[in-house]
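Topology and contacts: notes
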Amino acid sequence: MTRDEEAPELHRAVRRHLAAGWLAVLLFLTLGAVLEMLHGYKVGWYLDVGNSARRLMWTLAHAHGTLLGMLNILFALTVRHLSWAGGSQRVASAALLGATVLLPGGFFLGGIVIYAGDPGLGILLVPVGGLGLLLAVALTAAAVMQAPRPERASPPARTGS
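These numbers come from a predicted model, not from an experiment.

Quick look at the side chain of T66
- As for its position among the elements, T66 is in helix 3 (residues 52-82).
- Separated by 2.9 Å, the side chain of T66 and the backbone oxygen of H62 make a polar contact.
- Apart from residues lying up to four places away in sequence, T66 is in contact with V25, F28 and L29.

Take a look at the structure:
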């Protein structure tokens, strides 16, 4: 793939992760505000001792979703800064987008129905999302480590006086 062919792919990846990141931050900060309202109105369905697993699952969904939103924004900035295109970037991008859906989504779904203090079946999505997140972070770290270092500016030439 030539540099000219990589530019549109690079631009699409940056735009996709900026959009996903800001939308995730908006969505999961809104979830956080809703959880605060449930606390404020002392809703038993959320605060009763028997519903502590629900409260934990939804708090984890809020926290992970917000963090993953910010990671998508950082990923977009990294892709642009490194001009990182190609196979490993596409795999990392897909893994990060998948993790952005599966990790907080699994926690949220796991909190909808609680079975004797245990989360619902939605929690099974969390490990898959976690693996996607690890893969995306590992590939991004490898791309950063392999990127050429910027050349140091050479000291100004001395002029004889």
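Still to come is the rest of the account.
Things to note about the packing of helix 4 (residues 87-112) against helix 5 (residues 125-146)
- Interaxial distance between helix 4 and helix 5 falls to 7 Å at its minimum, and their mutual angle equals 150 degrees. Considering their axes alone, helix 4 and helix 5 lie roughly antiparallel with respect to each other. Note that helix 4 runs across helix 5; the crossing there is left-handed. Residues S88, V91, A92, A95, L96, A99, L102, L103, G106, F107 and L109 of helix 4 form the contact with helix 5, whose participating residues are L125, V126, V128, G129, G130, G132, L133, L135, A136, L139 and T140.
- The residue inventory of the contact of helix 4 with helix 5, partitioned by class, reads 16 nonpolar, six polar and no charged.

Notes on helix 4
- Along its 26 residues, helix 4 runs 37 Å from first to last C-alpha, staying within 8% of the 38 Å computed at 1.5 Å per residue.
- Within helix 4, the axis deviates most sharply at G105, by approximately 25 degrees.

What about helix 5?
- In this model, helix 5 (22 residues) spans 32 Å end to end at C-alpha, consistent with the 32 Å of a helix rising 1.5 Å per residue.
- Buried within helix 5 we find V126, G129, G132, L133, A136, T140 and A143. Considered in projection along helix 5, the buried side chains sweep an arc of 125 degrees and stay on one side of the axis. Away from the buried face of helix 5 by more than 90 degrees, exposed residues L131, L134, M145 and Q146 are located.
- The inward-facing, buried residues of helix 5 contact helix 3 and helix 4.

Regarding the layout of surface pockets
- One number sums up the size of the largest pocket: a volume of about 200 Å³.
- Among the secondary structure elements, those contributing two or more residues to the lining of the largest pocket are helix 3 and helix 5.
- By residue class, the composition of the lining of the largest pocket is seven nonpolar, three polar and no charged.

A closer look at the packing of helix 3 against helix 5
- Put simply, helix 3 and helix 5 touch, their axes get as near as 11 Å, and they point 25 degrees apart. Regarding the angle of helix 3 to helix 5, the classification is roughly parallel. Helix-helix and strand crossings are classified by hand; for helix 3 and helix 5 the assignment is left-handed. In this structure, helix 3 uses L68, L71, F75, T78 and L82 to contact helix 5, whose residues at the interface are L133, T140, A143 and V144.
- When the residues that make up the contact of helix 3 with helix 5 are grouped by side-chain class, the tally is seven nonpolar, two polar and no charged.

Notes on a nonpolar patch on the surface
- Together, L109, I112, V113, Y115 and L125 make up an exposed nonpolar region whose accessible area comes to about 420 Å².
- Of note, L125 is situated in helix 5.

What counts, and at which threshold
Residues numbered from 1 in each chain as written. Predicted model: local features only at pLDDT ≥ 70, side-chain atom pairs only at ≥ 80, totals over all residues. Heavy atoms only, no water. Helix = DSSP H or I, 4+ residues; strand = E, 2+ residues; numbered from the N terminus. Polar contact = N/O pair within 3.5 Å; in protein donor to acceptor, adjacent residues only side chain to side chain. Contact = heavy atoms within 4.5 Å. Axes fitted to C-alpha atoms, helices over the stretch in contact; angles between N-to-C directions. Parallel < 35°, antiparallel > 145°, perpendicular 65-115°, else oblique. Left-handed = near helix turned anticlockwise from the far one by under 90°. Nonpolar A, V, L, I, M, F, W, Y, C, P; charged D, E, K, R; others polar. Expected span 1.5 Å × (residues − 1). Bend = angle between axes of the 7 residues up to and from the residue. Buried < 20%, exposed > 50% of the residue type's maximum accessible area, 1.4 Å probe, protein only. Arc of directions from axis to C-beta. 1 Å grid on protein atoms, 1.4 Å probe; cavity = no way out; pocket = protein on both sides within 12 Å on 5 of 7 lines; lining within 4 Å. Points joined across faces, edges and corners; volume = space filled by probe spheres on them. Patch = residues over 30% accessible without salt bridge, like charges linked within 9 Å, V, L, I, M, F, W, Y side chains within 5 Å. Areas by Shrake-Rupley, 256 points an atom, 1.4 Å probe, with all protein chains shown as cover. Salt bridge = Lys/Arg side-chain N within 4 Å of Asp/Glu carboxyl O.

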